[in-house]
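What follows is each chain in one-letter form.
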Protein chains: 2
Amino acid sequence: MAALTTRSGGAFDRVPFDALLKRRLFFTPSFEIYRTASGFAGDTKGLFDYGPPGCALQANLVDTWRKHFVLEENMLELDCTVLTPEDVFKTSGHVDKFSDWMCKDSKNGDYLRADHLIENVLEARLKGDKAARGIAAAEEKDTSNDPAAAKKKKRAVKDVKVVKLDDAVAKEFEEILARIDNYDGLELGALIKKFDIRNPDGNNEVLPPVPFNLMFKTSIGPSSGSIGYLRPETAQGQFVNFKKLLEFNQNTMPFASASIGKSYRNEISPRTGILRVREFLMAEVEHFVDPEGGKKHDRFEDIDKIELVLLDRHTQLAGSTEIKVMTVGEAVRSHVIDNETLGYFLARIHLFFQKIGVDPKKVRFRQHMANEMAHYAADCWDGELLTSYGWIECVGCADRSAYDLSVHSKRTGEALVVREPREEPLRIEEWQVDIDKKKLGPKFRKNAKAVEEAIEALSQEQRERFEQTLNKDGAINIDIPGLPEGKAELDKALIQIVRRTRVENIREYTPNVIEPSFGIGRIFYSLLEHVYWHRPGDVARGVLSIPPLVAPSKVLIVPLSRSPGFASHVKKLSARLRTLGISHTVDDSSASIGKRYSRNDELGTPFGITVDFDSLKDDTITLRERDSMKQIRASVDDVLGAVVSLVNGSELWTDVLKRLPEFLGQSEDE
Amino acid sequence: MAALTTRSGGAFDRVPFDALLKRRLFFTPSFEIYRTASGFAGDTKGLFDYGPPGCALQANLVDTWRKHFVLEENMLELDCTVLTPEDVFKTSGHVDKFSDWMCKDSKNGDYLRADHLIENVLEARLKGDKAARGIAAAEEKDTSNDPAAAKKKKRAVKDVKVVKLDDAVAKEFEEILARIDNYDGLELGALIKKFDIRNPDGNNEVLPPVPFNLMFKTSIGPSSGSIGYLRPETAQGQFVNFKKLLEFNQNTMPFASASIGKSYRNEISPRTGILRVREFLMAEVEHFVDPEGGKKHDRFEDIDKIELVLLDRHTQLAGSTEIKVMTVGEAVRSHVIDNETLGYFLARIHLFFQKIGVDPKKVRFRQHMANEMAHYAADCWDGELLTSYGWIECVGCADRSAYDLSVHSKRTGEALVVREPREEPLRIEEWQVDIDKKKLGPKFRKNAKAVEEAIEALSQEQRERFEQTLNKDGAINIDIPGLPEGKAELDKALIQIVRRTRVENIREYTPNVIEPSFGIGRIFYSLLEHVYWHRPGDVARGVLSIPPLVAPSKVLIVPLSRSPGFASHVKKLSARLRTLGISHTVDDSSASIGKRYSRNDELGTPFGITVDFDSLKDDTITLRERDSMKQIRASVDDVLGAVVSLVNGSELWTDVLKRLPEFLGQSEDE
C-alpha cells in the first residue's frame, strides 16, 4: 500500500495527529484516573469518552445523518431499549452465533482473539522475512548521519525476528492473511498448531480456540432467572415493532424505519483506539420492501448517474483489490449490485460521506464474499474508508432477505406480514380436505383437536396421495404423534379430499429488508484522519479542515483586548450569532491572536471573527477562514450574513472573497 | 387534591389520553410481541420504545435542552460510557447504598418493593375507611339513572375492603404515608409486621425486607473477574474527567460540564408507565464552583426577578404543602434557597419548562427534607410537574458539596483540585519538622521511609506537643506501625521542630458541585399530559398542543386531490420547507381532510398547509393553526414566511391572523 497522504499532499503521521486529538479532548480513554490507581482491577479497554469538540462533532454527524436519511425519506425513527431479553437474541441467532474465537495463554492466563493472534504473528514473520531478504533495508534511506533515525531503524528490526522464510511458506502466509476473516475455530486451531503460533507477549503456547459470545449479559428484574443482553446492534428493536410501524405508515409499502443509539460488543481484546470499542454509537436503517418485482426503488433515477468506487466479489475471488468505477445505474443493470434498492442506498451513503467531508479518494464499496455473508443474505456491501489502520468498514449495507421478520414471527406466532388487495384475484387449484366434525368429535374425544391439526397440516403432495388411497381403500392412516397409538384411521365418512379452485383476493408476504448500518464512531475517526493536515513545514501547527456543516463550533470570536468596550461588543455579536442559530465560542484569553487561532485550527473551527480597535470605532469586524487563513473586513451585518451562507452551504469562501474586501492587517504570528 | 383539569378547563381523563398515545405510537412497551409468546419467560417490564412522534419530540426536547443549557452557558459537553467498572461505583457509594428494600412473597415468590407495598396496602385501607364512613358515597353523585356509573362505583367499592378504622389508626396511616420515603429496611419490616401487611395479590405473608441493588451488573472483557455496571446516572463520568475538563477550560473557574445519555436502574417492580422505567434518558449538568465566597453566580442578575413556586423544607416539616411564590432573588437573600448558583439553576430550569410548553400552574420546586438528602449535600430541590399520577420529580437540583471529587481523588490518588495564584499571598504560622536525612537513613535503613512518612503525617497539635517533649527530654517516641517495635525514638540530632511562617502563593481547593439532573422521559410524559385536551364535547377528537419549538413535526401538507398536478405542487412545497429547515410530513392519503387534520392534531403538528384546486390556479395555499383551527390564505411565499416566524417564535399565530387574510372556505368536517 502506498503511504497515506494528507490533503496538503504530505505524508500522514499518526503521532502528531493522536497528540492533537488528545490535547483538544476529542476523545479520551474512559476512567483513565482509575487505570493507574493502586489495586484497580477493572477492565476499561475499548471504552472511550468524547470530550467537548468530539461530542459536538458527533452530535453534528448524527444530526446530518438524521436529515440526510430520516427526514429526506420520511423514515420512521424509533428509539428502542438497549436491554433485551434473552429470547429475542436466541431467535435472531445472536446467542448461538455472535461469537469470536478466543485462545487462552497456557501460562499467564491472557485471553487473545484467535484470528488477531495469527494475523499479528504471521505479519511479524513476513516482516522478519523481508528484513532478512534486505528489502526492508533497501527501502530505508541511509541513516548513518541521523542517530535518531538509526535508532528507530534498529528498534524496528529488533521488534521482529529477522528470519528468512521459504518462498512457499511466505506465499502461504500471505494467502492465510488474505482470508483470515473466513476461518472457523477448528481451522484457526489447526493454523496455530501447524505454525507453532504463540502469544508474542511471553512466547507461551496458547490453548485451542473456544467461542466467546460478544454480548454483554445481565439480569433484568429482581429474579436472577430473567437473563438479558445489551444489544449488539439496534436492528432487532425495529424488527419486533414491524407490525406497529406498518400500521403507523397507514399500511403502505415500502417504508423504512431508523434508529440511532448505543450498541455493545464485549470485544476480547480491543485495540486500534476508537475503531474497535465495546460501547459505540450506531445508526441503522431497516428498509422494508416487497421481495417481488426486483426490489425497485422509486427514487432510483435521482441517483442513477452517481459514480461509485466498487470492489466486487469476483475481483476479490481472483485475489485482486482492483477497483471499478461505475455509475450505480450501470452496476445494478449489470448485476454487480443485486438490486435497485440496495444500489439506491449505496449511492445515498456515498452522498452522505461527501456531505460530511470524507476524502473522496479514500472511499470504496467492497462486496462481501459469499462465505462472509450470513446464509440468508442476498448481497452485502461495506462502505470502507481508508485510514492509517487500513481500509475500515464504516457502513454495512446488506440485503437481509425475509430472515429477521420470519424468525421473530415464527417464534412469537405474530404475523409480521403485509396484506395487500390483489389487483387481479389469484386462482389456485389445490387439494382441500373436508372434515365432518360432527363425527370427528365423538370418535376421537379429547384427541379430536390433534387429529384435526394433523389433517390440516398435510402438504399438497400428501393430500394427493391420500386422495388416491381413500378412493381405493375407503380409509387412510395418518401419523399423529399426540395419540397413544401414534396414528389414526380415518374413513370416507369422516373426511373427503377434493380438488378445488381457491380464489385469493388478498396477497400476503413477508417483506425483505435492506439494512444500511452505520458505525458513527468509525466514521467520526476516519473523517478526522481525512481532514487532518499541518501548515507547510510546521508539524506543530495542525489543522482539522472539518466542513462547516459538521464542525464542532462554527465561529470563534477573538477580542484583541480584554477591556470592557470589547466585552460589550463581543456580547452583542454572540447574541446575534445565537439568534441566527450559529454555534460559536469566545476566546478572550490573554494568549496572542496567533495562538488563539492555532488552537481553533486544531479544534476544526472554520471561521474566526476578530474584534479589534477599529471595530469599536467603525463597527467593522474581520472574518478569517481556517484553511486559507485569508481574512475579509466588513460591517458586522455583512460578515454575519456571509457566515450564515457559508455555514448553510449556499456560498463558498471563494465567493465571499470575491464580494467582500480582503483584509491584510493582522499577522497570524503576532 | 382537586381534580386535574386540561387546558380547555375540562377534567383530565387518562383513558382516552393513553389510547391516543398508543394509537399514534408515541411510545410502546418493548418486545410486546414476545410478552404473549408461548414459553417466553423474559422480564420486559419498565422497558419502552419510542415511536416516530415520540422519538421526534424527545429529540426536540434534547435539542432545546442543549441550546438552553449547554450552548447558552458554554458548558463542556461529554459523552461518557454507560459501562463502568465496579471500583468507580464502590468509590461513589453506589455499590453499597444504591438499593431499594424488597420483600418476597412467602408462597408465590413474587418480589415487591417494600415501601410501595406498604403504601398500596395502607392507601387501600384508608379508602375502605372512607367508604365505611360514607364519605366516598357522599362524594359520588347519584348514579341511579346511569348504569355505567353505578357499575363503576360498585367496582370501586369492591376493590377495597369497606372497614372503618379507629381515628387514631387512620391518623397513623396518614403520617406513615407522608414519610414513606424515609424509612430504612428494619423500620419497613416493623411496619409490615405491626399492620400485618400482605401481598394484595393472593394475600400471602411477605418475608422481611432485604436490600436489592438497583444497578445492572455485567462482566467486562473475557475474564469473568472484571465486574462492570450500567451507570444509574451520567454524573460519575463527568467527575472522573474533571482534571481534563479543567485543563480544556484553560484552568478557569467556574465552569460546567454536561452529559445527555441513557442510564439504567433495575427497578424491582416498575409501574406507572414510562414514569418509572429501567432504561431512561438523562441530561445532567455538573457546575463546578469555588466553595468560598458564597457560591455567587455572575449571571444571577439576569434571573433575580423571576418568580418561582416553592415548597420549602420548613413548610413540609410542619405537615403542610402550602406553596410560596417568590422571586429567586428574595429566596436566596432570605436563605430559603442556599446560594446564588443553586438559585440560578432553579430559575433556568423554570425557564426551560416554560420554553417547552409545560403548564405553569402545574410546576413547583420542592426542597428536600434533611433526612431525604445525602449526608454531604448542602441543599437540594426537585422540579416537580403535576400529572394524573400526582407530583412527579422531573428534575433534581442538588448542591453536592465537594463529595464526588473528594472520594474519587482519595481512591485514585489523582489531585482533583483547582490551583489558583492568590492575589495576596497567604502567610501561615505553623510547626515545621526538619529531619536530618543523612542520619535518618543509616539509623533506620529500610525503615527510613516509613519513619519519615510518619513524621510528615504529624498534625499541628502533635507537633506542638512533641516540640515541648523534645526540648524537655531531648528525644521523642513516635508510633510507627510499619516497624517491628511499632515505634521509634528520635533525638534532637535527628529532628528539629520549629515554628515558622509559610507563605502560600497558590490556593488549592476542591470545587463544589451544583448538579441539575433531568429525567427527559418524565418531562416528556408530563408535558404530554399538560398539552392534552379534546375538542369541546368530543372526547374522540384529542389534541396535543405541543409548542412549535418542540413539536415532532411542524407542518402537515395536505393535498386535496391525488392527481399529478397536486403531487408536483406538494413536491415543490416540501423541498422549500426542507431548505428552510422546517420538518414536515405529507399526508396524501384518500382520507377526508377533516380526518387527516384530526390525525395530526393527535400527533401535535401545529400547522397544516392545504393545497386545493385554487392553489393550482393562483399559487395560494391555506395555513391552518392546530389549537384554534383557524386558517389564513395567502401566497406560498407569505405562508412559508409566516411558518418560519411561527416556528422560530418571532411571531405568534394571533400576529399572523392580523396581517394575513383569514380563510373560511373549507370545513374540518368535510
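Residues numbered from 1 in each chain as written. Chains lettered and ligands numbered in written order. Predicted model: local features only at pLDDT ≥ 70, side-chain atom pairs only at ≥ 80, totals over all residues. Heavy atoms only, no water.

- Chain A carries the name glycine--tRNA ligase in an unreviewed UniProt entry, which gives Lachnellula willkommii as its organism.
- On record in UniProt, under Subcellular location (unreviewed entry), the comment for chain A is "Cytoplasm".
- Its UniProt record, at the heading Catalytic activity (unreviewed entry), says of chain A: "2 ATP + H(+) = P(1),P(4)-bis(5'-adenosyl) tetraphosphate + diphosphate". (UniProt positions renumbered as here; feature names shortened; annotations may be inferred.)

Here's the deal with the interface of chain B and chain A
- Tallying the contact residues gives 82 residues for chain B and 82 residues for chain A.
- Between chain B and chain A, a total of about 6,800 Å² is buried, with carbon and sulfur atoms accounting for 60% of that surface.
- The tally of links between chain B and chain A comes to six salt bridges.
- R578(A) serves as the salt-bridge partner of E72(B), at 3.3 Å between the closest nitrogen and oxygen.
- The dominant element in the side of chain B that touches chain A, judged by the number of residues it contributes, is helix α3 (residues 52-71) of chain B, at seven residues.
- For the side of chain B that touches chain A, the residue count by class is 37 nonpolar, 25 polar and 20 charged. (Contact = heavy atoms within 4.5 Å. Buried area = accessible area lost by both parts, 1.4 Å probe. Salt bridge = Lys/Arg side-chain N within 4 Å of Asp/Glu carboxyl O. Helix = DSSP H or I, 4+ residues; strand = E, 2+ residues; numbered from the N terminus. Nonpolar A, V, L, I, M, F, W, Y, C, P; charged D, E, K, R; others polar.)

Some points on the confidence of the model for chain A
Residues and elements named next belong to chain A.
- This prediction gives chain A a mean pLDDT of 91; 95% of its residues lie at or above 70.
- Across residues 138-143, where pLDDT falls below 50, the model places four contacts with residues more than four positions away in sequence or in other chains.
- Counted against residues more than four places away or in other chains, residues 152-157, with its pLDDT under 50, gives three contacts.
- The complex prediction reports pTM at 0.89, with the ipTM value standing at 0.88. (pLDDT = per-residue confidence, 0-100.)

Quick notes on the sheet that holds strand β9 (residues 227-230) of chain B
Residue and element names in this part refer to chain B.
- The antiparallel open sheet is built from three strands, whose spatial order is β4-β9-β8. Of all the strands in the sheet, just β4 (83-85) and β8 (217-219) have a single pairing partner and so form its edges. Here the average twist between neighbouring strands, direction ignored, is 40°.
- Bridge count for β4 against β9 is three bridges, and the pairing is antiparallel. The residue bridging P85 from the neighbouring strand is G228, located in β9. (Pairing = 2+ DSSP bridges. Axes fitted to C-alpha atoms, helices over the stretch in contact; angles between N-to-C directions.)

Quick look at empty space enclosed by the protein
- In the structure shown here, the tally under the stated rule is three cavities of 30 Å³ or more.
- Reported here for the largest cavity is a volume of approximately 130 Å³.
- Taken together, D79(A), T81(A), F48(B), Y50(B), Q58(B), K262(B), I274(B), V277(B), E279(B), F280(B), L281(B) and G521(B) make up the full set of residues lining the largest cavity.
- Elements that contribute at least two residues to the lining of the largest cavity include exactly β2 (48-50) and β11 (279-289) of chain B.
- If one sorts the elements of the lining of the largest cavity by residue count, β11(B) sits on top with three residues. (1 Å grid on protein atoms, 1.4 Å probe; cavity = no way out; pocket = protein on both sides within 12 Å on 5 of 7 lines; lining within 4 Å. Points joined across faces, edges and corners; volume = space filled by probe spheres on them.)

With respect to the packing of aromatic side chains
- Taken as a whole and assessed by the stated rule, the structure comprises 52 aromatic pairs over all chains.
- Clustering of aromatic rings is evident, with ring pairs tying together F12(A), F17(A), Y389(A), Y525(A) and Y532(A).
- Directly above the ring of F248(B) sits R599(A), whose terminal nitrogen or CZ lies 5.7 Å from the centroid. (Phe/Tyr/Trp six-rings, centres within 6.5 Å; stacked < 30°, edge-to-face > 60°. Lys NZ or Arg CZ within 6 Å of the ring centre and 35° of its normal.)

Some points on the side chain of H569(B)
- By the secondary structure assignment, H569(B) is in helix α22 (residues 564-579).
- Look at H569(B) and you get buried, because its relative accessible area is 10%. (Buried < 20%, exposed > 50% of the residue type's maximum accessible area, 1.4 Å probe, protein only.)

Some words on helix α10 (residues 185-194) of chain A
All names here are of chain A.
- Listed in full, the buried residues belonging to α10 are G185, L188, G189, L191 and I192. For α10, the angular spread of the buried residues around the axis is 160°, confining them to a single face. Away from its buried face, by an angle of more than 90 degrees, α10 presents the exposed residues L186, K193 and K194.
- Summarising the contacts, the buried residues of α10 are in contact with β5 (99-104), α6 (114-132) and α9 (167-178).
- Where α10 begins, the capping side chain belongs to D184, and its oxygen is found 3.2 Å from the backbone nitrogen of L186.
- Two residues or fewer past α10, D196 is found with a positive phi of approximately 45°. (Arc of directions from axis to C-beta. Polar contact = N/O pair within 3.5 Å; in protein donor to acceptor, adjacent residues only side chain to side chain.)

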